[in-house]
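# A look at the structure
Chain by chain, the residues:
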Amino acid sequence: VLSVSLCALLGYLIGSLSFAVWIAKSRGVDILKEGSGNPGATNVKRVLGKKAGNTVFFLDFLKGCVAVGLGLWIVGDPGGIAGAVGAVLGHSASIFIRFRGGKGVAVTMGALLVLMPITLLTGLVIWVITFKVSRYVSLASILFAISLPVTALILNQIWGLVSQPLVIFAALIAVLIVVRHRSNLVRLINGQEHKFTGKSSQ
Ligand code: NKO
């Protein structure tokens, strides 16, 4: 129990690293006040351009990989899940930026690459299709999140490819991501959500 908690704590600290805030700050921008105000890859791309946005995505993705990898290494499967949950919580309520944070999409993708790659792949396909059709990043991320427990449950029930703790983990992460997108949901419902069109988007 102690070592699993340690993995969650380590994950939380790793997840707390607020790359979007720091990279924007290095360019003289307070990302919490620009665009959607979200410290995530999408908003950095929106405000600072493609390169900075991709860098943030890569670093946030890496946080998920590292948090899970450390947990797996220290205790095995339960530690990996604890590290992942910690990282997503840390990213969303960071100790370094007064418990503000992003929406957990990129960090979840990184964690899933290590923990459940097939579930990730299915989610990515859904993300890409939704984005191509709608041009809404937020809607793509929400449907990505919802797909996770669905895919995990199917893989668990039919092929036994995913363990029960991972199905529960996927459901928890889906709830977290959807809740973090509630302002986007309101805008989507009111038809006021920003669409990502060209390179410097809105
Ligand atoms: O600022 O509120 P906002 O509009 O930024 O942001 C909403 C957004 C917040 O989440 C993020 C994280 C970044 C998500 C980008 C996911 C990119 C996934 C690209 C997948 C491409 C891989 C291709 C392989 C296909 C099989 O939701």
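The model shown is predicted, which means the values in this text are computed figures rather than measured ones.

## Side note on the environment of Ile146
- Considering the arrangement of structural elements, one finds Ile146 in helix α8 (residues 137-159).
- Here Ile146 falls in the partly exposed class, since its relative accessible area comes to 41%.
- Taking C-alpha positions, Ile146 is 29 Å from Phe96, a pair spaced 50 residues apart along the chain.

## Re the side chain of Asn38
- Position of Asn38 relative to the elements: it lies in the loop between α2 (19-26) and α3 (41-48).
- Apart from the residues within four sequence positions on either side, Asn38 is in contact with Ile31, Asn43, Gly101, Gly102 and Lys103.

## Section: the nonpolar core
- Ranked by internal contacts, the top residues of the largest apolar core, which has 36 residues, are Leu115, Met116, Phe144 and Phe169.
- Elements with a minimum of two residues in this core: α4 (50-74), α5 (77-92), α6 (105-115), α7 (117-134), α8 and α9 (164-180).
- Not counting residues up to four positions away in its chain, the partners in contact with Phe144 are Val105, Thr108, Met109, Leu112, Leu120, Gly123, Leu124, Ile126, Trp127 and Ile177.
- With 13 residues, the next largest nonpolar core counts Val21, Ile31, Ala41 and Ile97 among its residues.

## Things to note about the packing of α4 against α5
- Taken N-terminus to C-terminus, the directions of α4 and α5 make an angle of 150°; their axes are 6 Å apart at the nearest point. Considered as vectors, α4 and α5 are oriented roughly antiparallel to each other. Seen along the crossing, α4 lies across α5 with a hand that is right-handed. Contacts between α4 and α5 involve Asp60, Lys63, Ala67, Val68, Gly71 and Leu72 from the first element and Asp77, Gly79, Gly80, Gly83, Ala84, Ala87 and His91 from the second.
- Residues belonging to the contact of α4 with α5 are distributed by class as follows: five nonpolar, five polar and three charged.

## Section: the site of the ligand
- Residues in contact with the ligand amount to 19 residues; listed here are only the nearest, Ser36, Thr42, Arg46, Lys103 and His181.
- One nitrogen or oxygen atom from the side chain of Lys103 is found 2.7 Å from an oxygen atom belonging to the ligand.
- Burial of the ligand by the surrounding chains reaches 78%, relative to a free accessible area of 730 Å².
- Sorting the residues of the shell around the ligand by element identifies α3, α6, α7 and α8 as the ones contributing at least two each.
- For the shell around the ligand, the element with the most residues is α3, which contributes four residues.
- Residues of the shell around the ligand, tallied by class, amount to eight nonpolar, nine polar and two charged.

## Section: the packing of α4 against α6
- One can describe the packing of α4 onto α6 by two numbers: an axis separation of 7 Å at closest approach and a directional angle of 40°. The angle between α4 and α6 falls in the class oblique. Here α4 runs over α6; the crossing is right-handed. Together, Phe57, Asp60, Phe61, Lys63, Gly64, Cys65, Val68 and Leu72 of α4 and Ala106, Val107, Met109, Gly110, Ala111, Leu113, Val114 and Leu115 of α6 make up the contact between the two elements.

Quick notes on the rules
- Residues numbered from 1 in each chain as written.
- Predicted model: local features only at pLDDT ≥ 70, side-chain atom pairs only at ≥ 80, totals over all residues.
- Heavy atoms only, no water.
- Helix = DSSP H or I, 4+ residues; strand = E, 2+ residues; numbered from the N terminus.
- Buried < 20%, exposed > 50% of the residue type's maximum accessible area, 1.4 Å probe, protein only.
- Contact = heavy atoms within 4.5 Å.
- Core = buried A, V, L, I, M, F, W, Y, C linked by side-chain atoms within 4.5 Å.
- Axes fitted to C-alpha atoms, helices over the stretch in contact; angles between N-to-C directions.
- Parallel < 35°, antiparallel > 145°, perpendicular 65-115°, else oblique.
- Left-handed = near helix turned anticlockwise from the far one by under 90°.
- Nonpolar A, V, L, I, M, F, W, Y, C, P; charged D, E, K, R; others polar.
- Near = heavy atom within 4 Å.
- Polar contact = N/O pair within 3.5 Å; in protein donor to acceptor, adjacent residues only side chain to side chain.
- Areas by Shrake-Rupley, 256 points an atom, 1.4 Å probe, with all protein chains shown as cover.

All we've got here are geometric facts, nothing functional implied.
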